[in-house]
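Given next are the chains, with one letter for each unit.
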Amino acid sequence: MHPPLPRRRRRLAGLATAAIVTLSSGVLAVTVAGSADAATIGAGSYTETLPAGAKLPNGCGSLATNPRQYVTPNAPTGAVPTNDWWSSLLFKKGDDCNFSQPLFAGPASYRPVASGLGLSYQTDAAISGSATGLGEYHYPYAQHVVVGVAGLNASQALVDGWTDWTVTPSWNDGTRTLKATIGHGLPMSYYQITGGDALLTITGPPTAWENSGNRVGFSIGGHDYVAYGPAGSTWTVSGSTIRSSLAGKGYFSVAVLPTLSSASTADKIALADTFGQYAHNHVTGTRVSYTYDQNAGTVNTTYSVTTTAREGSGSGTVIALYPHQWRSLTGATPLARTYVSPRGAMKVVTGTSFSTSMKYTGVLPEIPAVADSSGTDQSQITTFLTDELNNPSDFRGDDTYWTGKGLGRAARIAEIADQLNLTSVRDSALNEIRTRLTDWFTASAGKTSRVFYYDKNWGTLIGYPASYASDEDLNDHHFHYGYYVAAAATLAKFDPSWASSARYGGMVDLLIRDANNYDRGDTRFPYLRDFDIYEGHDWASGHGAFGAGNNQESSSEGQNFANALIQWGQATGNTKVRDAGIWLHTTQAAAINEYWFDVRNENFPATWGHNYSAIVWGSGGAYATWFSGEHAMVVGINMLPMTGGQLYLGDYPAAVRDTYAEMVRNNGGEPTAWRDILWQYLALGDPDAALAKFRATGSYTPEEGESKAHTFHWIRNLAALGQVDTGVTANHPLAKVFTKNGARTYVASNITNTALTVTFSDGRTLNVPAGRTVATGALNWTGGNATGGGTTTPPTDPETPCTGGPLLSQGHTATASSTESAAFPANLAVDGDTATRWSSSFADPQWLQVDLGSAQELGRVELNWETAYGKAYQIQTSTNGTSWTTAATVTDGAAGTRTVPVTGTARYVRMSGTERGTPWGYSLWEFKVYAGCGTD
């Protein structure tokens, strides 16, 4: 029976997965020119007037037109973030318009209430359903402690600030205030209060196992917590409350310890001692930086934490890493203890940062035609492709999602037809892509359909007709727009003029920036809207207002977006976009194999019974979908669309075979729906079996975004190539290695107009002519006729500065435009003491400069901002102290430490502030100037 078109991913508070969700439903820089109505980008355009009948993002109160309704004046300017683990605190929706739904940060979870911040840490999974049917597992929020201020009774919790993976909720009842900073991987939460004593209200009487000086350790619900007050403070335990005046200092922290219920008191105290070293280093910022090392075929990521010492001069904190992080950890050794989390065991490190290094083993525009380019298989694929000549896109709807699916279908047909020199079929598919994209990328007067609208309040680009709440809830933009970008990348290979910035390339870039803005300097859109930087995967819901936190179903459509960036960046020569796609793709591939497929059988609860999760929730996972209870769709939703960017699904072939076997077992036999998707997935683990199933099946109905031509091409050629080989990398992003019976086939695709040589990590080299895809080794083939631009230049990442040069500025003469008072002179910013600072008068502009004594080769400047930070400033250099050159410009400044790369030679280096981030002045704990890499 033909499956109905699925009603997919409509996320409303209180709604569960259509099949069986129980716990999770508890509560549930482009230059533009334009007018007030429209803006043009090259030959393309979008509207700035909401189309008639179109819906805006909406929620509680006046959110539709004022998304900053629930943020304080301290919050960062620019577009508000959505689709995050904490989004229900800002994007309030449904039945809690004052506080939020539970926030699953890992290892702890939180929920704001009127009296403060609730804390929960759970190590026992709640499981529903069955091992052969639909079901879920969750580590649900169950409150252990509420941290607040005595007497606090706030009417709502607002958002005071956010960084890459932290958020700071804020309470104010007119007499008392509370600010709390929480984040992914932070076992400690950090608090600042006014108006009363710190008050911990315990759910049931706690067992205090230590109350000594400024800290108190207690157990509740089988778990251990420690509250750390300032020096000189004490805690009083009385019934179900723990209270402290904090010696009048107004700050403290609370940690959950990674102890077992059987831990001895001595063991708990020892851990409390370890954590206590960092208790008063409050986390004030988090930031990710990454590089793609093209020659080494690696993606290197650094996760940095900025801390402010509330007392003493320490730095760093306790950091818990998810499995996809600690498996690739470099330069650090985790502590022995681990936390339980919905994603699996979290290992602990300490410090100000940690780094990971992952292999990037490549993607392809399409599987090469090594087996179906001759003989009877060529005849078969030719028939399939010819059948698509007049309708290669087979659009099933006019909204953004179904338009995207049709564009993706046409792109696959164009790629295959080009390999096989069926130019009429290829050109038919390309013409459909060109026509439909050009229509969507043109906002003519009065147009209400097939049009993109930019909402400056939300900082989002919404396509209408919208679908699956991509407008009202800002759902799924990466799912929908990934198809558009991928199709544009295929078109760009053959029509580079269409893809140029003078024509429609700018519109493609806007779609990329909306879904996952790769440019921190572009405040029109939030940075990486849909991608959870720390958990390593996308979130699909814009608001995340569910009892189980945010969720993502089709991880593979998220990867389709990442792969689209790689293909588009390579086709247009934009290495920044390409490298962003490589980082997203590599990071998320690791996360998907951990959290959707649990390829090592280590992360899911042992008693759940499934080896695959179709939906990842903040608190767990579900073997279910939003739209169907059919096992074929439950499994297939994390495979489609099958492209050369989905080969990561074959990194663990045994897991592929196990997942397919579980689907057949649960289904009571081979699937009857989405067979083509599932066969293509099986081909990554057992290609011969997949081919046999395809050949043995007569007529079948393809999945709505698939074609028989692509399914046959994929399976037949994988049967010849074998399985993906993860042991070999290449110095080219569009390259892959396959192994069958111990023999390797090396594949590389060159979509540029210049020949290139690809070198693989095992020493094999491959000469690839312009516009061709080449396979060599066990199988030999060449094909393709691309005429596009592209790039072969190894990338650089301006956001990852040199870190090798020595410190030049400490102890040298510093001067400033002004000082707040005699207590805060300029020299305190270069004295090496993070407890002293320079502070300017409360006005713009202001500057601070240091004389290095002689001309020096420069590498970077490190600014450690106090709460009174510079929002916009320039780093300027001079050889004489009179004539200045701007070396770098920052427009998105924040409190905490910021590293700014600079180059050149200079004696004087200046921070020239043009816009304060607060009503106060500019205040720097430290202003450090470093030499360039390689400087002794």
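K.L.:
Help me understand the state of the cysteines in this model?
P.N.:
Enumeration according to the criterion identifies one disulfide in this entry. Paired through a disulfide, Cys60 and Cys97 show a sulfur-sulfur distance of 1.9 Å. As the torsion about the S-S bond is roughly -75 degrees, the Cys60-Cys97 disulfide counts as left-handed. Of this pair, Cys60 sits in the loop between strand S3 (44-47) and strand S4 (103-104) while Cys97 sits in the loop between S3 and S4, and the two are 37 residues apart along the sequence.

K.L.:
Would you take a moment to explain the sheet that holds strand S7 (residues 126-129) for this structure?
P.N.:
Whenever strands of a sheet pair, they do so through backbone hydrogen bonds, lying parallel or antiparallel. Pairing in this open sheet of five strands is antiparallel, and the strands run S7-S8-S34-S33-S32 from one edge to the other. Unpaired on one side and paired on the other, S7 and strand S32 (551-552) mark the two borders of the sheet. Bridge analysis of strand S33 (residues 615-617) against strand S34 (residues 620-623) gives three bridges, and the strand direction is antiparallel. Bridge assignment links Ile615 to a residue of S34, and that residue is Ala622.

K.L.:
Where do I start with the packing of helix H4 (residues 400-419) against helix H14 (residues 708-721) in this structure?
P.N.:
Interaxial distance between H4 and H14 falls to 9 Å at its minimum, and their mutual angle equals 60 degrees. In terms of their interaxial angle, H4 and H14 are classed as oblique. Handedness of the crossing formed by H4 with H14: left-handed. On H14, the residues touching Arg412, Ile416 and Gln419 of H4 are Ala709, His710 and His713. Of the residues belonging to the contact of H4 with H14, the class tally is two nonpolar, three polar and one charged.

K.L.:
What should I look at first to understand the sheet that holds strand S40 (residues 773-777) in this one?
P.N.:
Within the open sheet, the five strands sit side by side as S35-S36-S37-S40-S41. Their pairing is antiparallel. Either end of the sheet is taken by a strand with one partner, and the two such strands are strand S35 (723-724) and strand S41 (781-783). Of the pairings in the sheet, the one linking strand S36 (residues 735-740) to strand S37 (residues 743-749) comprises six bridges and is antiparallel in character. Looking across to S37, one finds that Ala735 is bridged to Ala748. H14 rests against S35, S36 and S37 of the sheet, and its axis sits at about 65 degrees to S36.

K.L.:
Any chance you could explain the nonpolar core here in plain terms?
P.N.:
One recurring pattern in soluble globular proteins is that nonpolar side chains are buried together. Leu200, Phe252, Leu385, Phe441, Phe452 and Trp568 are the most contacted members of the largest nonpolar core, which totals 225 residues. When neighbours within four sequence positions are excluded, Leu385 is seen to be in contact with Ile413, Ile416, Ala417, Leu420, Leu422, Val425 and Ala709. If you look at the next biggest cluster of nonpolar residues, it comprises 28 residues, including Leu858, Val861, Tyr873 and Ile875.

K.L.:
What am I meant to see in the layout of surface pockets here?
P.N.:
If you roll a probe as big as a water molecule over the atoms, it shows you where there is empty space left. A volume near 490 Å³ is recorded for the second largest pocket. Every residue lining the second largest pocket is counted, 22 residues in all, and those nearest its centre are Met358, Lys359, Ala590, Asp651 and Tyr652. Those elements that place two or more of their residues in the lining of the second largest pocket are helix H2 (323-326), strand S27 (353-359) and helix H9 (575-595). Top element by residues in the lining of the second largest pocket is H9. It accounts for six residues. Considering only residue class, the lining of the second largest pocket consists of eight nonpolar, eight polar and six charged.

K.L.:
How should the packing of aromatic side chains be read in this particular structure?
P.N.:
Working definition: an aromatic ring pair is given by the centre-to-centre distance plus the angle between the planes. Counted by the stated rule, this structure contains 49 aromatic pairs. With 5.6 Å between their ring centres and 85 degrees between their planes, Tyr401 and Tyr468 make a pair best called edge-to-face. Remark: Tyr468 occurs in the loop between strand S29 (460-464) and helix H6 (477-494) and Tyr401 occurs in helix H4; sequence separation between them is 67 residues. The pair Tyr401 / Tyr468 is uniform in exposure class, with both members buried. Through a chain of ring-to-ring contacts, three or more aromatic side chains come together here, namely Trp440, Phe441, Phe452, Tyr481, Tyr484, Trp498 and Tyr504. Lying over the aromatic face of Trp884, Arg910 brings its terminal NZ or CZ to 4.1 Å of the ring centre.

K.L.:
Can you walk me through helix H1 (residues 265-276) in this structure?
P.N.:
In an α-helix, one turn spans 3.6 residues; hence positions three or four apart end up facing the same way. Taking 1.5 Å of rise per residue, the 12 residues of H1 would be expected to cover 16 Å, and the 16 Å separating its terminal C-alpha atoms lies within 8% of that figure. Residues of H1 that are buried: Lys268, Leu271, Ala272 and Phe275. All buried residues of H1 project into a common sector of 105 degrees when viewed along the axis, lining one side.

K.L.:
How should the environment of Leu640 be read in this particular structure?
P.N.:
Take Leu640: it is sitting in the loop between helix H10 (631-636) and helix H11 (653-667). A sequence separation of 81 residues divides Leu640 from Gln559, and the C-alpha atoms of the two residues are 9.7 Å apart. Aside from chain neighbours lying at most four places away, what touches Leu640 is Tyr401, Lys405, Tyr483, Ser554, Ser556, Glu557, Gln646, Trp674, Ile677 and Glu703.

K.L.:
Is there a simple way to explain the pattern of salt bridges in this structure?
P.N.:
All told, the structure shown has 42 salt bridges when counted by the stated rule. Between Arg426 and Asp418 there is a salt bridge, and its shortest N-O distance comes to 2.9 Å. Classification of Arg426 as buried rests on a relative accessible area of 13%. One network of salt bridges, with partners in common, ties together Asp398, Arg436, Asp439, Lys447 and Arg450.

Rules of the game
- Residues numbered from 1 in each chain as written.
- Predicted model: local features only at pLDDT ≥ 70, side-chain atom pairs only at ≥ 80, totals over all residues.
- Heavy atoms only, no water.
- Disulfide = S-S within 2.5 Å.
- Helix = DSSP H or I, 4+ residues; strand = E, 2+ residues; numbered from the N terminus.
- Pairing = 2+ DSSP bridges.
- Axes fitted to C-alpha atoms, helices over the stretch in contact; angles between N-to-C directions.
- Parallel < 35°, antiparallel > 145°, perpendicular 65-115°, else oblique.
- Left-handed = near helix turned anticlockwise from the far one by under 90°.
- Contact = heavy atoms within 4.5 Å.
- Nonpolar A, V, L, I, M, F, W, Y, C, P; charged D, E, K, R; others polar.
- Core = buried A, V, L, I, M, F, W, Y, C linked by side-chain atoms within 4.5 Å.
- Buried < 20%, exposed > 50% of the residue type's maximum accessible area, 1.4 Å probe, protein only.
- 1 Å grid on protein atoms, 1.4 Å probe; cavity = no way out; pocket = protein on both sides within 12 Å on 5 of 7 lines; lining within 4 Å.
- Points joined across faces, edges and corners; volume = space filled by probe spheres on them.
- Phe/Tyr/Trp six-rings, centres within 6.5 Å; stacked < 30°, edge-to-face > 60°.
- Lys NZ or Arg CZ within 6 Å of the ring centre and 35° of its normal.
- Expected span 1.5 Å × (residues − 1).
- Arc of directions from axis to C-beta.
- Salt bridge = Lys/Arg side-chain N within 4 Å of Asp/Glu carboxyl O.

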